[in-house]
Amino acid sequence: MKMNEIKGLETKELAEKLETEVAKYNQMKLNHTITPLENPSQIKAARRDIARMKTELRQRELNK
């Protein structure tokens, strides 16, 4: 997910999206420990997307 897409979301939508991405990331990590993923770089990409979302939420919080 690109920063432009993240900035375009409402704060509530962004928080909900963050929750779903974290759950998806945790499930992906669990599945990878049991059976290796075909593309393990997905884990790194998901972690970075989560970080981008958290960064944007924090910036919005500080700019209130």
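Our subject in this report is the structure included herewith.

Digging into the environment of Asn-39
- Relative to the elements of secondary structure, Asn-39 occurs in the loop between helix 2 (11–34) and helix 3 (41–62).
- C-alpha separation for the pair Asn-39 and Asn-4, spaced 35 residues apart in sequence, amounts to 25 Å.
- Looking at Asn-39, its side chain comes within polar contact range of the side chain of Ser-41, at 2.6 Å.

As for the side chain of Glu-56
- Its place among the elements puts Glu-56 in helix 3.
- In this view, Glu-56 contacts Met-3, Ile-6, Lys-7 and Leu-14; residues no more than four positions away in its chain are not counted.

Quick word on the environment of Asn-31
- By the secondary structure assignment, Asn-31 is in helix 2.
- Separated by 12 residues in the primary sequence, Asn-31 and Glu-19 have C-alpha atoms spaced 18 Å apart.

What counts and how
Residues numbered from 1 in each chain as written. Predicted model: local features only at pLDDT ≥ 70, side-chain atom pairs only at ≥ 80, totals over all residues. Heavy atoms only, no water. Helix = DSSP H or I, 4+ residues; strand = E, 2+ residues; numbered from the N terminus. Polar contact = N/O pair within 3.5 Å; in protein donor to acceptor, adjacent residues only side chain to side chain. Contact = heavy atoms within 4.5 Å.

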